[in-house]
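Below are the chains, spelled out letter by letter.
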Amino acid sequence: MLADRVKTARDRRWITPEPLNVAPALVGQPLASPLRRAVAISVDLGVIGLLSDVSGFWLLGGLALVVLQLRSRRGGGSRGPRWVLGWIGAALVLLLAFQQAQEQWQAWRRSHQAGSVTAQSAESGDVGDGADAAAAASAASAPPLTDAQRIARLEAELAQARHPKSLHWKDKLGQLLDDLGAGLGWGIVYFSLLPAWWGGQTVGKKLFGLRVVELTGKPMTVMRCLKRYGGYAAGVATGGLGFFQVLWDPNRQGIQDKTAHTAVIDLRAPGRAEAAPPADAQSS
């Protein structure tokens, strides 16, 4: 281990040839279709969107793990400690996302119920010709409210108070930037740790039987996954053209795959007869 690090430090002093060859075991492996890749990444983006509202403690912890793992040269294998960490990390991510989705659903229900109660109150209170004197007389002669009606009115007022008020455009811009920063942070954590610990897979790719592989057969390390995540930023900078590159590239590589020297294979599709499946695919 120490000898490998010393050798790597020495190699950094001179220009060295970059290994651009493809591992023989990957030749003939079935490539993932663009449609399945798009659906898988949509699942991942949905999870990250839910995580963007999660407490900053979890985000700081995830970013700290990314920094600590950057110097590691070991990737996620089929079995082992990192494979277990991948499952634990995926379970934690899904738990946080589920809790956030549940909170958003409850908030929407409260807001919807508050709107319904307010509309009913407005309809029931709209009597007479609308004059203030008539309304006051009607209110004075109206029977007292029951306990159930008082509770319903108080719940409606409480839900209306909890409903977010319209913000100034500066506040809206600041909130948008905060959400964007949280989304980018969670994207770094998600797309750097999970593929490195989970054998080149994320939640979306796991669901659809896809895997990211390094073309020379090297493991998917955190650094390589971080490079691939940087390719997503390059794809956005090109107006999405870098993502559509998978439609005409011979190996269906998007700009993120070109950046990290990776490809996305389909574990459920048959390969060529002469191709030997990767070690991770054999045990999946």
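Throughout, residues of each chain are indexed from 1 in the direction in which the sequence is written. With pLDDT at 70 or above as the cut-off, local features in this predicted model cover only qualifying residues; side-chain atom pairs require 80 or more to be listed or tallied, and sums for whole chains, interfaces and linings still use all residues. Excluded from the side-chain calculation are hydrogens and water; included are all heavy atoms of the structure.

### Brief notes about the overall build of the chain
Phase 1 of the analysis: In this description a helix means any DSSP run of H or I spanning at least four residues, a strand means any run of E spanning at least two, and both kinds are numbered starting from the N terminus. If you tally the helices and strands in the chain, you get 12 helices and 2 strands.
Phase 2 of the analysis: When its helices and strands are written in sequence order, the chain yields α-α-α-α-α-α-α-α-β-α-α-α-β-α.
Phase 3 of the analysis: Each residue is placed in one exposure class: buried if its accessible area under a 1.4 Å probe, protein chains only, is under 20% of its type's maximum, exposed if it is over 50%, and partly exposed if it falls in between. Looking at the chain as a whole, 32% of its 284 residues qualify as buried.
Phase 4 of the analysis: Across the chain, contacts joining residues at least 24 apart in sequence account for 79% of those joining residues at least 6 apart.
Phase 5 of the analysis: Under the convention used here, a 1.4 Å probe and the Shrake-Rupley method define accessible areas, while residue burial counts only the protein chains that appear. For the chain, the computed accessible surface area is about 17,900 Å², with 63% contributed by carbon and sulfur atoms. A contact between two residues is defined here by any heavy atoms of the two lying within 4.5 Å.

### Points about the pattern of salt bridges
Phase 1 of the analysis: Definition used for salt bridges: Asp or Glu carboxyl oxygen within 4 Å of a side-chain nitrogen of Lys or Arg. In total, this model carries 5 salt bridges according to the counting rule given.
Phase 2 of the analysis: Of the charged contacts in the structure, one is a salt bridge between Asp257 and Arg37, with a shortest N-O distance of 2.8 Å. Here the residue Asp257 occupies a position in helix H11 (residues 255–260), and Arg37 occupies one in helix H2 (residues 34–51), the gap between them amounting to 220 residues.
Phase 3 of the analysis: Among the residues examined, Arg37 registers a relative accessible area of 11% and is labelled buried.
Phase 4 of the analysis: One salt bridge in this structure joins Asp249 and Lys258, with 3.0 Å as the shortest N-O distance.
Phase 5 of the analysis: Judged by relative accessible area, Asp249 falls into the buried class, the value being 10%.
Phase 6 of the analysis: Note on Lys258: relative accessible area 43%, which makes it partly exposed.
Phase 7 of the analysis: Ionic contacts of the salt-bridge type, sharing partners, join the residues Arg37, Arg228 and Asp257 into one network.

### A few points about unusual backbone geometry
Leaving glycine aside, a negative phi is the common case for residues, and trans is the common case for peptide bonds.
Phase 1 of the analysis: Not every positive phi belongs to a glycine, and Arg252 is a case in point at roughly 50°.
Phase 2 of the analysis: In this structure, Arg252 sits in the loop between helix H10 (241–244) and H11.
Phase 3 of the analysis: Accessibility expressed as a relative area gives 29% for Arg252, which makes it partly exposed.
Phase 4 of the analysis: The phi dihedral of His261 is positive, around 55°, even though this residue is not glycine.

### Re the confidence of the model for the chain
Caution applies to low-pLDDT parts of the model: their predicted coordinates are not meant to be read in detail.
Phase 1 of the analysis: Here the chain averages 75 in pLDDT, and 65% of its residues register 70 or above.
Phase 2 of the analysis: Scored from 0 to 100, pLDDT records how confident the predictor is in each individual residue. When pLDDT is averaged over each element of the chain, strand S1 (residues 210–214) comes out on top at 94 and helix H12 (residues 279–282) at the bottom at 50.
Phase 3 of the analysis: Low confidence marks residues 125–131, where pLDDT is under 50. Its contacts with residues over four positions away, or in another chain, come to 2 contacts.

### Considerations on the pairing of S1
Phase 1 of the analysis: The buried fraction of S1 amounts to 5 of the 5 residues, a majority that puts the element mostly inside the structure.
Phase 2 of the analysis: Side chains Leu210, Val212 and Glu214 of S1 all project onto a buried face; the interleaved residues Arg211 and Val213 project onto the opposite face, where all are buried too.
Phase 3 of the analysis: A pair of strands is treated as paired once DSSP finds two or more bridges between them. Pairing of S1 with strand S2 (residues 262–266), which is carried by 5 bridges, proceeds in the antiparallel orientation. Each bridged residue has a counterpart across the sheet, and for Val212 the counterpart in S2 is Val264.

### Some details on the side chain of Gln253
Phase 1 of the analysis: Note on placement: Gln253 falls in the loop between H10 and H11.
Phase 2 of the analysis: Residue Gln253 is classed as buried on the basis of its relative accessible area of 5%.
Phase 3 of the analysis: In this view, Gln253 contacts Leu215, Gln245, Val246, Lys258, His261 and Thr262; residues no more than four positions away in its chain are not counted.

### Section: the pairing of S2
Phase 1 of the analysis: Burial within S2 is extensive, with 5 of its 5 residues counted as buried.
Phase 2 of the analysis: Neither face of S2 is left uncovered, since the one carrying Thr262, Val264 and Asp266 and the one carrying Ala263 and Ile265 both have all their residues buried.

### Re the packing of aromatic side chains
Phase 1 of the analysis: Classification of ring pairs uses Phe, Tyr and Trp, with its six-membered ring standing for Trp, and accepts pairs whose centres are within 6.5 Å; under 30 degrees between planes counts as stacked, over 60 as edge-to-face, and the remaining range as tilted. Counting across every chain of the model gives 5 aromatic pairs.
Phase 2 of the analysis: Summarising the aromatic geometry, the rings of Phe191 and Tyr229 are spaced 5.9 Å apart at their centres and angled 20° between planes, so their arrangement reads as stacked. Taken together, the residues Phe191 in helix H7 (residues 169–197) and Tyr229 in helix H9 (residues 222–237) connect sequence positions 38 residues apart. There is no split in this pair, since Phe191 and Tyr229 are both buried.
Phase 3 of the analysis: Ring centres 5.3 Å apart and planes at 55° place the aromatic pair Phe191 and Tyr232 in the tilted group. Of this pair, Phe191 sits in helix H7 while Tyr232 sits in helix H9, and the two are 41 residues apart along the sequence. Each member of the pair Phe191 and Tyr232 is classed as buried.
Phase 4 of the analysis: Three or more aromatic residues joined by ring pairs make a cluster, and in this case those are Tyr190, Phe191, Tyr229, Tyr232 and Phe243.

### Brief notes about a nonpolar patch on the surface
Phase 1 of the analysis: Patch definition: residues above 30% relative accessible area lacking any salt bridge, with like charges linked at up to 9 Å and the nonpolar side chains Val, Leu, Ile, Met, Phe, Trp and Tyr linked at up to 5 Å. The grouping of Phe57, Trp58, Leu92 and Leu95 at the surface amounts to a nonpolar patch, some 400 Å² of accessible area in total.
Phase 2 of the analysis: Of all the elements in the fold, those that place two or more residues in the nonpolar patch are helix H3 (56–69) and helix H4 (81–125).
Phase 3 of the analysis: Position of Leu95 relative to the elements: it lies in helix H4.

### Here we look at the nonpolar core
Phase 1 of the analysis: Formed by 30 residues in total, the largest nonpolar core has its most connected members in Leu51, Trp186 and Tyr190.
Phase 2 of the analysis: At the level of elements, H2, H3, H4, H7, S1 and H9 are the ones that each hand at least two residues to this core. Throughout this description, the term nonpolar core refers to a set of buried Ala, Val, Leu, Ile, Met, Phe, Trp, Tyr and Cys residues connected via side-chain atoms within 4.5 Å.

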